[in-house]
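# Commentary on secondary and tertiary structure
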Amino acid sequence: MVFGSKLTVFAGLNGSGKTTIAVNTALFLARQQEKQRYDGVLLADLDIVNPYFRSKDAEKELLEAGIAFVSSEYAGSGLEAPALPRAVEQIFSFNGHIILDVGGDEAGSTVLGRYSKEILAVADRQFYLVFNPYRLLTQTVTDTKDLLHGIEIVSRIPFTGILYNPNLGAITTADDVRRKLPLAHELAQDSNLPLIATCVLRDLAPQLQDIENLFCLDAVF
């Protein structure tokens, strides 16, 4: 199972699609209840920078699926403040799968630095960079590696893999996915990190069956 670790952290540039992936991962794990290695699923939205596309927008669906959910009290309010709920202090004692959705750049990822000791103490963890080559600041390997290393520096946590998410929203085509796939492989090779999965909207999957490790996403916002 690609997303079966005790702790999975998603980071990436704002607009990379990491929140959509985080929510879909939580829902996927909830549906795989009998196959889980851990008891239950918790999604924590630690994005205190970006006011758009927050996990909280899918809170109703998450709670209906039995997923525990934690977010900033300011999420979705239009206010921005470097505040996190007290419940974040207890998330690392959760018995089930823990998923963290963090801010999109070095500034957003500083929140991980506050909890780097707790995160690094979890042996069964993954820290994934969500790579969307159609975002302005991640269109080249060099720029994306700069982002990757910047996040690692402020979070004090090394990445363990890359998720390729060629996302142009509802207008994304199978050709868009194929066009930038070589760039994703180049980024993985240059960063010495595995390319974990290619993330695509579910309706594109039938056209992309030849691509390894597809992770199908449902539109949740």
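Computed from a predicted model, the values in this text were never measured in an experiment. (Residues numbered from 1 in each chain as written. Predicted model: local features only at pLDDT ≥ 70, side-chain atom pairs only at ≥ 80, totals over all residues. Heavy atoms only, no water.)

## Description of the sheet that holds strand β6 (residues 161–164)
- Overall, parallel pairing links the eight strands, which are arranged β3-β2-β4-β1-β5-β6-β7-β8 in an open sheet. Strands with a single pairing partner mark the edges of an open sheet, and in this sheet they are β3 (68–71) and β8 (214–217). Here the strands of the sheet are splayed against their neighbours by 20° on average, with no regard to which way each runs. (Pairing = 2+ DSSP bridges. Helix = DSSP H or I, 4+ residues; strand = E, 2+ residues; numbered from the N terminus. Axes fitted to C-alpha atoms, helices over the stretch in contact; angles between N-to-C directions.)

## Remarks on helix α5 (residues 141–155)
- Given a rise of 1.5 Å per residue, 15 residues ought to cover 21 Å, and the 21 Å separating the end C-alpha atoms of α5 matches this to within 8%.
- Taken as a whole, α5 has its buried residues at Val141, Thr144, Leu147, Leu148, Gly150, Ile151 and Ser155.
- A positive phi of about 65° marks Arg156, the residue just after α5. (Expected span 1.5 Å × (residues − 1). Buried < 20%, exposed > 50% of the residue type's maximum accessible area, 1.4 Å probe, protein only.)

## So, the pairing of β6
- Here β6 shows no split at all, with Gly161 and Leu163 on one side and Ile162 and Tyr164 on the other all buried.
- Relative to β6, strand β5 (residues 125–131) runs parallel, the two sharing four bridges. When the sheet's bridge partners are listed, Val130 is paired in β6 with Leu163.
- Assessed by its sense of winding, the connection that carries the chain from β5 through α5 to β6 is right-handed.
- Sheet topology places β6 next to strand β7 (residues 195–201); three bridges connect them, and they run parallel. Note that in β7 the partner of Ile162 across the bridge is Leu195. (Right-handed = clockwise from strand over helix to strand, strands pointing away.)

## Some points on the packing of aromatic side chains
- A complete count under the given rule lists eight aromatic pairs for this structure.
- Seen in terms of ring centroids, Phe3 and Tyr128 are 5.9 Å apart; in terms of plane orientation they differ by 75°. Their pairing is edge-to-face. Separated by 125 residues along the polypeptide, Phe3 in the segment before β1 (7–11) and Tyr128 in strand β5 bring together distant segments of the chain. Neither residue differs from the other here; Phe3 and Tyr128 are each classed as buried.
- Here the aromatic rings of Phe127 and Phe159 are separated by 4.1 Å at their centres, their planes lie at 15°, and the arrangement is stacked. On the criterion of sequence distance, the pair formed by Phe127 in strand β5 and Phe159 in the loop between α5 and β6 is long-range, its members being 32 residues apart. Side by side, Phe127 and Phe159 carry an identical accessibility label, which is buried.
- Ring pairs connect the aromatic residues Phe3, Phe10, Phe28, Tyr128 and Phe215, which therefore count as one cluster. (Phe/Tyr/Trp six-rings, centres within 6.5 Å; stacked < 30°, edge-to-face > 60°.)

## Considerations on the environment of Asp39
- Tracing the chain through its elements places Asp39 in the loop between α1 (18–31) and β2 (41–45).
- A relative accessible area of 54% means that Asp39 is categorised as exposed.
- In sequence terms Asp39 and Lys6 are 33 residues apart; their C-alpha atoms lie 9.8 Å from each other.
- Not counting the four nearest positions on each side in its chain, Asp39 is found in contact with Phe94, Asn95 and Gly96. (Contact = heavy atoms within 4.5 Å.)

## Observations concerning the confidence of the model for the protein
- The predicted model of the protein averages 87 in pLDDT, with 86% of residues at 70 or higher.
- Ignoring residues within four places in sequence, the model shows residues 74–82, a span with pLDDT below 50, making 15 contacts including any to other chains. (pLDDT = per-residue confidence, 0-100.)

## Quick notes on the pattern of salt bridges
- All told, the structure shown has five salt bridges when counted by the stated rule.
- For the salt bridge of Asp210 with Arg178, the shortest nitrogen-to-oxygen distance reads 2.9 Å. Of the two residues, Asp210 is situated in the loop between β7 and β8 and Arg178 in helix α6 (residues 174–191); the sequence distance between them amounts to 32 residues. (Salt bridge = Lys/Arg side-chain N within 4 Å of Asp/Glu carboxyl O.)

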